[in-house]
Amino acid sequence: MKALILVGGFGTRLRPLTFSIPKPLVDFGNKPMILHQIEALKAAGVTEVVLAINHQQPEVMLNFVKEYEKKLEMKITFSQETEPLGTAGPLALARDKLIDESGKPFFVLNSDVICEYPLLEMIEFHKNHAAEASIIVTKVDDPSKYGVVVMEKEGEEESRVESFVEKPKHFVGDKINAGIYLLNPSVLDRIELRRTSIEKEIFPKIASEKKLYAMVLPGFWMDIGQPKDYLTGQRMYLRYLRKNAPEELLASSGDHVIGNVIADETAVIGERCLIGPDVVIGPGCVIESGVRLFGCTVMRGSRIKEHACVSDSIVGWDSTVGSWARVANITVLGKDVRVADAEVYSSGASIQEQII
């Protein structure tokens, strides 16, 4: 099987992190965001992945592909747009890479999505419903902020998509598009090579012909394309690991580690620290004595100096938080940022350069 991952966005909501690296390569749970998806696709039997990229930083993406093609023993190729093509146009551009003599359906994923990726179950769902296109939907508490997928009932099962309602003012359903699709090659015949929305132009047509089905996602889901949602998604992901892969978490040690924490084996953690809950510490990080971390990510090569506190924030690569400094409330430090010693307090800021 094949798959296409839509990675063409500019990552403006995750700045300043994306000033240094393309959004799909930003770390999440100590691995690039997009690697979570590629590994899930491999586990589902996908052997070839097409990355639909824009013209930004292609050389960085190329280095990633060279490294992980070998590690994962998969074919990973690019389809590079020269102008914005929306969410459907990239499929038309990559048509020759997605179609082969097998006629098998292919996956399409939005690169911002983190979830449990029930891709094998989705393949069975697609076959059982003889769908032309299948999408995954997820339940949300407040559907008014999203495009809602309205489904028809078939016997006891609610699965065939009837319509899409964008940000409804009145309740029409509580299921939204989760950004994971399984499409027959015939869907490509419906897409012109121009800027096109798959959600607003292509799927409604397939739904009107009663050929579009929706599978309800089990487990957690989050679009992690902005800092607040990134941290919420991290909390969900760590909870998922606690249940399904507890060996990947740092073992609780008395009063020093609380709740779900990932720490790379090369990270150094000093004495009298209090780490957790919901913390990720990357490779080569140094956490000095007396530090408090909770609800945060500290990325590769960063140093948190003694008695500093980082909460509900993201510390970018090779950055330093000074002694007794406080970084809180969805602050995002870019690459190689220096927060000074003493009582510096940063709340809700996005910082690309040094604080003196």
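Bear in mind the structure is a predicted one, so any value in this text is a computation, not a measurement.

Asker: Even after reading the chapter, I still don't get the domain arrangement of the chain, so can you show me in this structure?
Answerer: It is common to give the size of an interface as the accessible area lost on bringing the parts into contact. In terms of domain boundaries, the chain breaks down into domain 1 (2-223) and domain 2 (227-351). A separation of 30 Å is found between the C-alpha centroids of domain 1 and domain 2. Contacts between the two partners involve 19 residues from domain 1, matched on the other side by 26 residues from domain 2. When domain 1 packs against domain 2, close to 1800 Å² is buried across both sides, 73% of that on carbon and sulfur atoms.

Asker: For this particular structure, what's the right way to read the pattern of salt bridges?
Answerer: A side chain with one charge can pair with a side chain of the opposite charge if their charged atoms come near. In this structure the tally under the stated criterion is 21 salt bridges. Across the pair Lys31 and Glu39 runs a salt bridge, and its minimum N-O distance is 2.8 Å. Look at Glu39 and you get partly exposed, because its relative accessible area is 30%. Between Arg303 and Glu288 there is a salt bridge, and its shortest N-O distance comes to 2.8 Å. With Arg303 in strand E21 (residues 303-304) and Glu288 in the loop between strand E18 (286-287) and strand E19 (292-294), this pair connects stretches of sequence that are 15 residues apart. Connected through salt bridges with shared partners, the residues Lys2, Glu48, Lys75 and Asp100 form a single ionic network.

Asker: Would you take a moment to explain unusual backbone geometry for this structure?
Answerer: Of note, the amide linkage connecting Gly276 to Pro277 takes the cis form, showing an omega dihedral of 0 degrees. Its place among the elements puts Pro277 in the loop between strand E16 (274-275) and strand E17 (279-281). For Lys210, which is not glycine, the phi dihedral falls at a positive 60 degrees. Accessibility expressed as a relative area gives 44% for Lys210, which makes it partly exposed. Of note, the phi angle at Trp324 is positive, near 65 degrees, even though the residue is not glycine. Topologically, Trp324 is positioned in the loop between strand E24 (320-321) and strand E25 (326-328).

Asker: How do you make sense of helix H2 (residues 33-43) when you look at a structure like this?
Answerer: Residues three or four positions apart in an α-helix share a direction because the helix packs 3.6 residues into each turn. Most of H2 is tucked away: eight of the eleven residues are buried. Along H2, the residues that are buried comprise Met33, Ile34, Leu35, His36, Gln37, Ile38, Ala40 and Leu41. Once H2 finishes, Gly45 follows within two positions and takes phi at roughly 100 degrees, a positive value.

Asker: Teacher, can you tell me more about the pairing of strand E12 (residues 212-216) here?
Answerer: In summary, the side chains of a regular strand alternate between the two faces of the sheet. Along E12, four of the five residues are buried, which leaves the element largely enclosed by surrounding structure. Alignment of strand E8 (residues 133-139) against E12, held across five bridges, turns out to be parallel. Within the sheet, the bridge partner assigned to Ala133 lies in E12 and is Leu212.

Asker: What should I look at first to understand the packing of aromatic side chains in this one?
Answerer: In this description, a pair of aromatic rings is defined by centroid distance and the angle of the planes. In total, this model carries six aromatic pairs according to the counting rule given. Measuring from centroid to centroid gives 6.3 Å for Phe164 and Phe203, while their planes differ by 15 degrees, and the two rings are stacked. Of this pair, Phe164 sits in strand E10 (residues 157-166) while Phe203 sits in helix H7 (residues 198-208), and the two are 39 residues apart along the sequence. Judged by relative accessible area, which is 0%, Phe203 ranks as buried.

Asker: Help me out: how do you make sense of the nonpolar core in this one?
Answerer: Across soluble globular proteins, you tend to see nonpolar side chains buried next to one another. Core analysis: the largest hydrophobic core is formed by 65 residues, its most contacted members being Leu41, Leu51, Phe107, Ile180 and Tyr230. Mapped onto the domain boundaries, this core takes at least three residues apiece from domain 1 (2-223) and domain 2 (227-351). Within the second largest apolar cluster, 29 residues are counted, among which are Ala52, Phe106, Ile135 and Val137.

Asker: What is the right way to look at the sheet that holds E24 in this model?
Answerer: Think of a sheet as strands paired side by side through backbone hydrogen bonds, with each pair either parallel or antiparallel. Strands sit in the order E15-E18-E21-E24-E27 across an open sheet of five strands; the sheet is parallel. One side of each edge strand has no neighbouring strand; the edge strands of this open sheet are strand E15 (268-269) and strand E27 (338-339). Two elements, E15 and E18, share two bridges in a ladder whose sense is parallel. Looking across to E18, one finds that Ile269 is bridged to Ile287.

Asker: So what exactly am I meant to see when it comes to the environment of Glu116 here?
Answerer: In this fold, Glu116 is placed in the loop between strand E7 (113-115) and helix H6 (119-128). Here Glu116 falls in the partly exposed class, since its relative accessible area comes to 33%. Linking Glu116 and Gln37, residues 79 residues apart in sequence, is a C-alpha distance of 9.6 Å. Sequence-distant contacts of Glu116, that is, excluding residues within four places in its chain, are made with Pro218, Gly219, Phe220 and Tyr240.

The rules we used
- Per chain, residues are indexed from 1 in the order of the written sequence.
- Confidence filtering applies because this is a predicted model: local features only for residues at pLDDT of at least 70, side-chain atom pairs given and counted only at 80 or more, and all residues used for totals across whole chains, interfaces and linings.
- Only hydrogens and water are set aside; all other atoms, that is, all heavy atoms of the structure, feed into the side-chain values.
- For the domain bounds, the source is a domain assignment made automatically or taken from a database.
- Contact definition: two residues touch when any of their heavy atoms are within 4.5 Å.
- A simple way to read buried area is as the amount of 1.4 Å-probe accessible surface that goes missing from two parts once joined, with both sides added.
- We count a salt bridge whenever a side-chain nitrogen from Lys or Arg sits within 4 Å of a carboxyl oxygen from Asp or Glu.
- Exposure categories follow from relative accessible area, calculated using a 1.4 Å probe and restricted to protein chains: below 20% of the type maximum is buried, above 50% is exposed, and the middle band is partly exposed.
- Helix numbers and strand numbers start at the N terminus; a helix is a DSSP run of H or I with at least 4 residues, a strand a run of E with at least 2.
- Note on pairing: DSSP must find at least two bridges between two strands before they are called paired.
- The pairing test for Phe, Tyr and Trp rings, Trp by its six-membered ring, is centres within 6.5 Å, and the orientation test on the planes gives stacked under 30 degrees, edge-to-face over 60, and tilted for anything in between.
- The set of buried Ala, Val, Leu, Ile, Met, Phe, Trp, Tyr and Cys residues whose side-chain atoms join them within 4.5 Å is what this entry labels a nonpolar core.

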